[in-house]
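Each chain is listed here by its residues.
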Amino acid sequence: MRTTFIILAVLAVTACKKDEAKPAVVAPPPVAAPVVEAPKPAVTGTRSIEMKVTEDGFQPGNVTLKKGEPVKFIVTRVTDATCATELLIADTDIKAELPLNKPVEIAWTPTKAGQVKFGCAMDMMVSGMLLVE
Ligand SMILES: [Cu+2]
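Residues numbered from 1 in each chain as written. Predicted model: local features only at pLDDT ≥ 70, side-chain atom pairs only at ≥ 80, totals over all residues. Heavy atoms only, no water.

Trainee: I would appreciate a short explanation of the coordination of the copper ion in the present structure.
Mentor: In an ideal tetrahedron of four donors about a metal, each angle is 109.5 degrees. In an ideal octahedron of six donors, the angles are 90 or 180 degrees. For the copper ion, the protein coordination sphere consists of Cys83 (SG) and Cys120 (SG), at 2.0 to 2.1 Å. Here Cys83 is found in the loop between strand S4 (71–77) and strand S5 (86–89), whereas its partner Cys120 is found in the loop between strand S8 (114–119) and strand S9 (127–132), with 37 residues between them in sequence. Judged by its relative accessible area of 32%, Cys83 falls in the partly exposed class. (Donors = N, O, S within 2.8 Å, 3.2 Å for Na, K, Ca; no water. Helix = DSSP H or I, 4+ residues; strand = E, 2+ residues; numbered from the N terminus. Buried < 20%, exposed > 50% of the residue type's maximum accessible area, 1.4 Å probe, protein only.)

Now the structure itself:
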């Protein structure tokens, strides 16, 4: 009887040690968790839309928005081989400089449904379309 008890006790102790060892091994993933959660505050409230200016123009060229929903474009010009060094949104006062490789935040809230053109300062020769629903 005693032997059985001791074996069980040993097993129990061994099991405890294993359980104790596990969290130490599992520990690294929780470190990654805050990294995943980090973008959340930026998304809260205002929708962020990342956009690039490449040799092919604005990427993405078409963006669907919702009327009354505030958005924040984060625009990065990644090439000098473009005339789109500024971004204008038609029928608004928005005119943002786009320095090379520097993300620029442009906040806007569409107030009516329809298509709104955006593009470079040169009569929007390089352009894209905002589709407001
Ligand atoms: Cu242009």
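On we go from here.
Trainee: How do you make sense of the nonpolar core when you look at a structure like this?
Mentor: One broad rule of soluble globular proteins: the nonpolar side chains tend to lie buried together. Grouped together as the largest cluster of nonpolar side chains are 24 residues, with contacts concentrated most on Phe58, Leu65, Phe73, Leu87, Ile89 and Leu130. At the level of elements, strand S1 (47–54), strand S3 (62–65), S4, S5, strand S7 (104–108), S8 and S9 are the ones that each hand at least two residues to this core. The residues touching Leu65, leaving out its near neighbours within four places in the chain, are Arg47, Ile49, Val71, Phe73, Trp108, Pro110, Leu130, Leu131, Val132 and Glu133. (Core = buried A, V, L, I, M, F, W, Y, C linked by side-chain atoms within 4.5 Å. Contact = heavy atoms within 4.5 Å.)

Trainee: Would you take a moment to explain the confidence of the model for the protein chain for this structure?
Mentor: As a note on interpretation, predicted positions should not be read in detail where pLDDT is low. Within the protein chain, residue pLDDT values average 82, and 67% of them lie at 70 or more. In the predicted structure, residues 4–18 sits below a pLDDT of 50 and forms zero contacts with residues beyond four places in sequence or in another chain. (pLDDT = per-residue confidence, 0-100.)

Trainee: Honestly, the pairing of S1 in this entry has me stumped. Any pointers?
Mentor: Looking down a regular strand, the side chains alternate between one sheet face and the other. Sheet topology note: the S1/S4 ladder contains seven bridges and is parallel. Residue pairing in the sheet places Met51 in a bridge with Val75 of S4. Looking at chain direction, S1 and strand S2 (residues 57–59) are connected through three bridges and run antiparallel. Residue pairing across strands places Val53 opposite Phe58, the latter belonging to S2. Linking two consecutive strands that pair antiparallel, namely S1 and S2, is a turn of two residues. (Pairing = 2+ DSSP bridges.)

Trainee: It is not clear to me how the environment of Gly119 should be interpreted in this structure. Could you clarify?
Mentor: Here Gly119 lies in strand S8. You can call Gly119 buried: its relative accessible area is 0%. Separated by 30 residues in sequence, Gly119 and Ile89 have C-alpha atoms that sit 6.7 Å apart. In contact with Gly119, not counting residues within four places along its chain, are Phe58, Glu86, Leu87, Leu88, Met124, Val126 and Ser127.

Trainee: Can you walk me through the environment of Leu131 in this structure?
Mentor: Note that Leu131 resides in strand S9. Take Leu131: its relative accessible area is 27%, and that puts it in the partly exposed class. When the C-alpha atoms of Leu131 and Val63 are compared, they prove to be 6.0 Å apart, with 68 residues separating the residues in sequence. Look past the residues within four positions of Leu131 in its chain and what remains in contact with it is Asn62, Val63, Thr64, Leu65, Gly114 and Gln115.

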